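A structural walkthrough
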Amino acid sequence: MADTALTMDKIVSLAKRRGFVFQSSEIYGGLSGAWDYGPQGVELKNRIARFWWKEMTQLHDNIVGIDAAILMHPRVWHASGHVENFTDPLVDCKKCKARFRADQIPPENLAAKKCPECGGELTETRKFNLMFKTTLGPVEDESGIVYLRPETAQGIYVNFKNVQQSNRMKIPFGIAQVGKAFRNEIVTKNFIFRTCEFEQMEMQFFVKPGTDMEWFEYWREQRWNYYRKLGIDMDKLRWHQHGPDELAHYAKVAYDIEFEFPMGFKELEGVHNRSDYDLSRHQQFSGKDMQYIDQDNGNERYIPNIIETSAGLTRQLLMLLCDAYEEQKVADKGNEDDWRTVLHFHPEVAPITVAVLPLMKKDGLAELAQDIRAELKEDFVTDYDQSGAIGRRYRRQDEVGTPFCVTIDYQTKEDGTVTLRDRDSMLQERLPRARISEYVRQKIKDYKRAERNL
Ligand code: ATP
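Residues numbered from 1 in each chain as written. Predicted model: local features only at pLDDT ≥ 70, side-chain atom pairs only at ≥ 80, totals over all residues.

Notes on the environment of Leu-247
If you trace the backbone, Leu-247 turns up in the loop between β11 (237-241) and β12 (253-261). Put simply, Leu-247 and Glu-43 are 204 residues apart on the chain and 35 Å apart in space, counted from C-alpha to C-alpha. If near-sequence neighbours (up to four positions away) are discounted, Leu-247 is found in contact with His-242 and Ala-254. (Helix = DSSP H or I, 4+ residues; strand = E, 2+ residues; numbered from the N terminus. Contact = placed C-beta atoms within 7 Å.)

Below, the structure is given as structure tokens:
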């Protein structure tokens, strides 16, 4: 019996082999905390972002999007509390030079100042700010200091009035954004789980004070259902409520959705009730009025409360790789062909939707297949593969999670029908080439998560 248990090593190796994720600057030995997304990785990432965007904007009449700059006025980070509070406790080992987050090593090691790796002496704990600093303009002095944003949320808060007024938004309403964020993380490990450069998908929902807890519960439910829609194994998800010592400086109540990664349950996204902290602080620091004027209610003025849903895009990509992965026994011939590695992605996020495969290169089958691909590529991301045995080609598509393979054979030449193979069931159906698009679209709509062995 082969060991089919999921490990991070298997994911890292598949991700590299199949063009999802590469180490940054690999030929120079790599850079810790940074990763590059390959041809399949970038498709998957864009599609997850698209799936989230549709869910959060298109399907909610009262949510609109923005795309703010990564560089913001430095006062933003004073107002937000990041300059003062966005720190992690850091300790170093004087002997082996290993560096740790003090809150992530066993308390007994911290108390005895003993390195958990080599037993050497640890330094005092010191606070380390996670923001990357750089300078704007040619003079490198204090006056030019700017930060790479450590979260996308602040770009939304500072645009609250612009969006509300330009789009005549009425409370309750939300603003969504997907973009890069940077944190100088002390320890980056577990592949793309925690990196220094990553992407977030955040939505900030502005509500009337007093209705915040109701909306908080609403968003918890929405975000939970999102993962069901994405076809994730719901047994691998759980809620974690922040206790009093975990609550961030801005938060009133905070829950995380955690996913069971190979290294255990870890945070996937946060749903936070941030009260009126953010807009009050920006009002105080900028001197600009951040109140909402409720014209339907006698021009009542108030600073809205904010419910935030904050998800990591790159972390969600890792979740999808882990959740989709299966080593499945598909035959009993006693050789390596008995097994396939398959990624059961939801077809809406799979990097390639349809692969077109001519059974043979000769007898005009390749030309016919190219012709069919040309028709399909207007509607779907397609791939074309004519090299090697057909079984091997199916396996290659399974490994990148392609949900549909269209095979062109001799019968196609005669009657214009093709076979369509379903990734999860591996069943094949014959249908006229003119019906492929419509059929695939319907299959995507009807998609149900496949049972797994794992
Ligand atoms: P932690 O305490 O683990 O450092 P956090 O609670 O500070 O994380 P948030 O500030 O709530 O994280 O960020 C929201 C989301 O952004 C997280 O749920 C995660 O998905 C993502 N995220 C945060 N930091 C990173 C990172 N360094 N690399 C990848 N994704 C991240």
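Here we look at the domain arrangement of the protein chain
Taken domain by domain, the protein chain consists of domain 1 (8-71 + 142-320) and domain 2 (330-445). Put simply, the middle of domain 1 and the middle of domain 2, counted by C-alpha atoms, are 36 Å apart. With eleven residues of domain 1 at the contact, the number on the domain 2 side is nine residues. If you tally residues by element for the side of domain 1 that touches domain 2, the top one is helix α2 (residues 39-58), at six residues. Across the side of domain 1 that touches domain 2, the residue classes break down as six nonpolar, two polar and three charged. (Domains from an automatic or database assignment. Nonpolar A, V, L, I, M, F, W, Y, C, P; charged D, E, K, R; others polar.)

A word on the pairing of strand β9 (residues 173-182)
Within β9, eight of the ten residues are buried, which leaves it mostly tucked inside the rest of the structure. Alignment of strand β3 (residues 63-65) against β9, held across three bridges, turns out to be parallel. Within β9, the residue paired with Ile-63 across the bridge is Gly-174. Of the strand pairs in this sheet, β9 and strand β10 (residues 197-207) are connected by ten bridges, and their pairing is antiparallel. Bridge pairing in β10 places Phe-173 opposite Phe-206. (Buried ≥ 20, exposed ≤ 12 C-beta atoms within 10 Å, placed from the backbone. Pairing = 2+ DSSP bridges.)

Some points on the packing of α2 against helix α10 (residues 313-324)
Packing of α2 against α10 leaves a shortest axis separation of 10 Å and a crossing angle of 110 degrees. In terms of axis orientation, α2 runs roughly perpendicular to α10. Counting all contacts with α2, which are made through Leu-44, Lys-45, Ile-48 and Ala-49, the residues of α10 involved are Leu-313, Gln-316, Leu-317 and Leu-320. Its residues assigned to classes, the contact of α2 with α10 shows six nonpolar, one polar and one charged. (Axes fitted to C-alpha atoms, helices over the stretch in contact; angles between N-to-C directions. Parallel < 35°, antiparallel > 145°, perpendicular 65-115°, else oblique.)

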